[in-house]
Amino acid sequence: MNIAQVIFYVMAFVVIASALFVASSKNLVRSIFMFFITLFGLAGLYVLALADFVAVTQIVIYVGGVLVLILFAFMLSGKETLGILQQQKGKFISVSKLPALLLAALFFVVMVNVVLKTDVNNLPWIKQVTAANAAIKPNDLMIDNIGINLMTRYLLPFEAISILLMMALVGAAHLARKERGAI
Amino acid sequence: MNFYITYFIIAIGLFAFVAVFTLFGVYAERKLSAFIQDRLGPTEVGKFGLLQTLADIIKLIQKELIIPAPADKVLFLMAPVIIFVAVYLGFAALPWAPGLAPANINIGLYYILAIISIETLGILMAGWGSNNKYSILGAMRSAAQIISYEIPAGFALISVVMIAQTLNLQDISLQQGILSAEKTKFLGFWDVSATGGILSWNIFRAPHLIVAFVIYFIASLAESNRAPFDIPEAESELVAGFHTEFTGLQFALVFLAEYAMMFLVSMVGVILFLGAWNTPLPNMGAVQLATWTTGTAWGIFWILAKTLTLVVIQMWIRWTLPRLRVDQLMNLCWKVLTPLAFLCMLISGIWRLWLM
C-alpha cells in the first residue's frame, strides 16, 4: 500500500464517519458543524484525484456559502420550531420512515450493481487515455482547460445555469423589497 | 523522506513568524493609537515598553480556561482553533521572493479565497458555542459582513487575474518586474520590460486597477473585522462580540487570528496590485537600480516593507474613522463597491483584449 492509498482510506473514513454522525446526532448544530468536516474531507479526496480546482470550489461554495447559509437559517429560526425538530420519537422503525428506507435501499441496490458490473482495473476509457499518453499529471494546469471547455463545448448548459441563477437573484430581490405604501 | 522534514520546518517557521508579527503588531498598534490620540501608550515594560506584549502573552497563557456552564463545550473549545487555522492555512500559498514560496500552487489565489472563508464558520461556531446573546449577535453580524464583502473583494481580484491570466501567485509576482518573461507595458503603451521598478506594477500596467485596489483594501478591512467595519465586536453595543466569553489562551488565539488576517489580506493586496516582491526602483540607463535590488533577500525585504506599510495604514484608518452603522455598511458594499468592482472587471476584459 503506498502513501496515496493510505491517505485515501483515512480521508474516506473521515468522510463516512462524520457523515454518519451528521445523520445520527440529536444535536442539530453539532451535526451542521460535523457536516463541515464531511465537506472538507471530500475536498481532500478531490485533491487526491488531482481535481484541485473542484476541491477548492467545493470549499468556496459549500463551506463558505451553503453551510453558512444553513447556520444562518438555523440561528434565525425560533426555538419552538427547532425544539419540535430535535424531539423526534425514538422509534427505530415507523411508517413515516418507510419512503426514506425504500429510497435508500433502492439506491444501495444500484450502487452494489455498479460495483459488481464494472471491471475497475480494465476500464476502456482509462486504457485509451493511457495509450494516448494524455493522463493528467499533478503539475498540469487545469483551469485553462476548464475555461475553454465552458466557453465552447458546454456553453449552452453554462448559459442555462446563469439564467437560472439570475432568476433566483431577481426573485430574492423582489421578496426582500419594501412594498409600496408600507412605510 | 527529507522533504517531509522541510515541510514541517516551513510550517513551524510560518507559525513563528505569525506569532512574532502579532506580538509586535499589537505593540505597534498601541503605540500608533497613543500617538494619534496624543497619549504615551505602553512605556513601563522594557525600553519604550517594547516587552509589554510579551508580558501580556505570558499573562494570557497563565490564565485559567473558563468554560461557561451553558456553553456547548466542544464547539466552544474548537472555535478559536478553527478561526486561527483557517487564516494560518492561507499563508501556505504566499510567495516571499523569486523562487521562494512555501507551496507553489497553480490556483493559489483561489485557494486563499476559499480557505479564508472558513473563518466565518469558526466565528459562527464561537458565537453559538458561547451561548451568550452578545456573542451570537456579534457572530451573525460578522458572518453577514464577511459574506457581503467577499463579493466586491472577489471581483476586484478577478479584474487583476484577467490582466495577469493566471491564478498562480508566484507567476503574478513574476509578471510585475524585470524578471517577467512576457512584455510589460506601462499604461498599455510604453514597453517597460527592461526598466521594471514601480512602472511595471499591476496598478500601473492597467490604471483602472488603482480603483480595484481601493475596493479590495476597503473590503479587506471588513473581512478582517477591523474598524471602521468592526460592528461584530462593537464594544459600546456588544461587549466584545463573538469573543466575549473567551479567556486566556483561547482569547490569545482569536487575537492571533485577527492580526494574522490583517497581514494576510495586506500581503495578498501587495502581491496582486503593488508588485509583490519586486523592487520599486526602476532601471535608469547605467544606473541599474532594479537589477541591483532584485534577489531573494531583497525580495523578502520589499514584500515585508510593502505589507507592513499596508498594515500600518489599516491601523491608521482604525484610529481615525468612526464605526459604520449596519445599514451604511451594507449600502456601501452593495450599492457602491459591487457595481464599481463589476465595472473594473469589464474594463479589465477590454484592456486585456485591445491594449496588451
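For clarity, every value in this text was computed on a predicted model and none was experimentally measured. (Residues numbered from 1 in each chain as written. Chains lettered and ligands numbered in written order. Predicted model: local features only at pLDDT ≥ 70, side-chain atom pairs only at ≥ 80, totals over all residues.)

**Q** Help me understand the overall build of chain B, please; the structure alone is not making it clear to me.
**A** In terms of helices and strands, chain B carries 14 helices and 4 strands. Taken against the 2.2 N^0.38 rule, which gives 21 Å for 356 residues, the C-alpha radius of gyration of chain B at 21 Å falls within 12% of a compact globule. C-alpha extents for chain B along the principal axes are approximately 65 × 50 × 45 Å. For chain B, with 356 residues in total, the buried portion stands at 47%. Look at the contacts in chain B between residues 6 or more apart in sequence, and 77% of them connect residues 24 or more apart. (Helix = DSSP H or I, 4+ residues; strand = E, 2+ residues; numbered from the N terminus. Rg over C-alpha atoms; globule rule 2.2 N^0.38 Å. Buried ≥ 20, exposed ≤ 12 C-beta atoms within 10 Å, placed from the backbone. Contact = placed C-beta atoms within 7 Å.)

**Q** How should I be thinking about the UniProt feature "transmembrane region" (unreviewed entry) in chain A in this particular structure?
**A** Residues and elements named next belong to chain A. When the UniProt feature table is mapped onto this chain numbering, "transmembrane region" (unreviewed entry) sits at residues 6-25, 32-53, 59-77, 98-116 and 154-176. In residues 59-77, the share of helix is 95% and the share of strand is 0%. The end C-alpha atoms are 25 Å apart. As a span, residues 98-116 carries 100% helix and 0% strand, and end to end its C-alpha atoms are 27 Å apart. (UniProt positions renumbered as here; feature names shortened; annotations may be inferred.)

**Q** Would you explain unusual backbone geometry in this entry?
**A** Glycine aside, residues mostly have negative phi angles, and peptide bonds mostly take the trans form. Residue and element names in this part refer to chain B. With a phi close to 55 degrees, N131 is a non-glycine residue in the positive phi region. Note on N131: 16 C-beta atoms within 10 Å, which makes it partly exposed. In this structure, A276 takes a positive phi of about 45 degrees despite not being glycine. Tracing the sequence through the fold places A276 in the loop between α11 (248-273) and β3 (283-284). Judged by C-beta crowding, with 28 C-beta atoms within 10 Å, A276 ranks as buried.

**Q** Where do I start with the interface of chain A and chain B in this structure?
**A** Many descriptions give the size of an interface as the accessible area lost when the pieces come together. Opposite the 17 residues of chain A that make contact, chain B presents 19 residues. Contributing elements (two or more residues each) for the side of chain A that touches chain B: α2 (28-48) and α3 (52-76) of chain A. For the side of chain A that touches chain B, the element with the most residues is α3(A), which contributes 12 residues.

**Q** In this structure, what is going on with the UniProt feature "transmembrane region" (unreviewed entry) in chain B? I would like to understand it.
**A** UniProt's feature table lists "transmembrane region" (unreviewed entry) at residues 6-27, 74-97, 109-128, 149-167, 198-219, 251-277, 297-317 and 329-354 of chain B, given in the numbering used throughout. The span residues 74-97 of chain B shows a helical share of 71% and a strand share of 0%, and its end C-alpha atoms are spaced 40 Å apart.

**Q** Explanation requested: the domain arrangement of chain B in the structure shown.
**A** Residues and elements named next belong to chain B. Annotation of chain B at the domain level lists domain 1 (1-62) and domain 2 (70-355). Each of domain 1 and domain 2 has a C-alpha centre, and the two are 21 Å apart. Facing the 17 residues of domain 1 at the interface are 17 residues of domain 2. Those elements that provide at least two residues to the side of domain 1 that touches domain 2 are α1 (2-36) and α2 (52-62). For the side of domain 1 that touches domain 2, the element with the most residues is α1, which contributes 14 residues. Counted by class, the side of domain 1 that touches domain 2 contains 13 nonpolar, 3 polar and 1 charged residues. (Domains from an automatic or database assignment. Nonpolar A, V, L, I, M, F, W, Y, C, P; charged D, E, K, R; others polar.)

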